[in-house]
Amino acid sequence: MNPPREQREDSAMSHALIIDDNMVISNAVQKRLESLGFASFDKAWTEAQAMAFAERHPPDLIVIGDEIEGGDALRAAQRIAERLDVPVLMVTGDAYRARKRLAHNCSLEGPFLLDQIEEAVKLAQGGVGAKVSLPVAQHGPIGASG
């Protein structure tokens, strides 16, 4: 088990784990996070990959998408967050479906548009723990400004 974020030597938010099988969305999220100062990324498209990446390089933020190829992105994020005390952000194309799916699993804020990811990340940073506050960033067409 790794120490909580605040006890790590590199206290700045720098590494994100993106769990989504849509590389277009993953790349768009990565670009937004890079503009917020994130320096490194792991991209997983299965639950097993996400768990292995988190074990190898503990993330400072987890971003999950709607679907992954194998397993469940939400379950992977919750398992990782329970061990590492890391915030979780969900990026979805359907905020209503996400709210319905997540209603019993965690508290929600949002939706935020993808160009509002800075606000969502700040909110996620405040809701750390096993029962994560899960901001939902809703993506529109890639490249859209709102």
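Residues numbered from 1 in each chain as written. Predicted model: local features only at pLDDT ≥ 70, side-chain atom pairs only at ≥ 80, totals over all residues. Heavy atoms only, no water.

## Brief notes about the pattern of salt bridges
Then, number 1: Summed over the entire model, instances satisfying the criterion amount to 5 salt bridges.
Then, number 2: The partner of Asp42 in a salt bridge is Arg56, with the nearest N and O atoms 2.7 Å apart. Here Arg56 lies in helix H2 (residues 47-56) and Asp42 lies in strand E2 (residues 40-44), a separation of 14 residues in the sequence.
Then, number 3: Taking relative accessible area as the criterion, Asp42 reaches 8% and is therefore assigned buried.
Then, number 4: The salt bridge involving Arg79 is made with Glu47; its shortest N-O contact spans 3.1 Å. Taken together, the positions of Arg79 in helix H3 (residues 73-84) and Glu47 in helix H2 put the pair 32 residues apart, joining distant regions of the chain.
Then, number 5: Of the residues examined, Arg79 reaches a relative accessible area of 40% and is grouped as partly exposed.
Then, number 6: With a relative accessible area of 8%, Glu47 lands in the buried category.
Then, number 7: One salt-bridge network, in which partners are shared between bridges, spans Glu47, Arg75 and Arg79. (Salt bridge = Lys/Arg side-chain N within 4 Å of Asp/Glu carboxyl O. Helix = DSSP H or I, 4+ residues; strand = E, 2+ residues; numbered from the N terminus. Buried < 20%, exposed > 50% of the residue type's maximum accessible area, 1.4 Å probe, protein only.)

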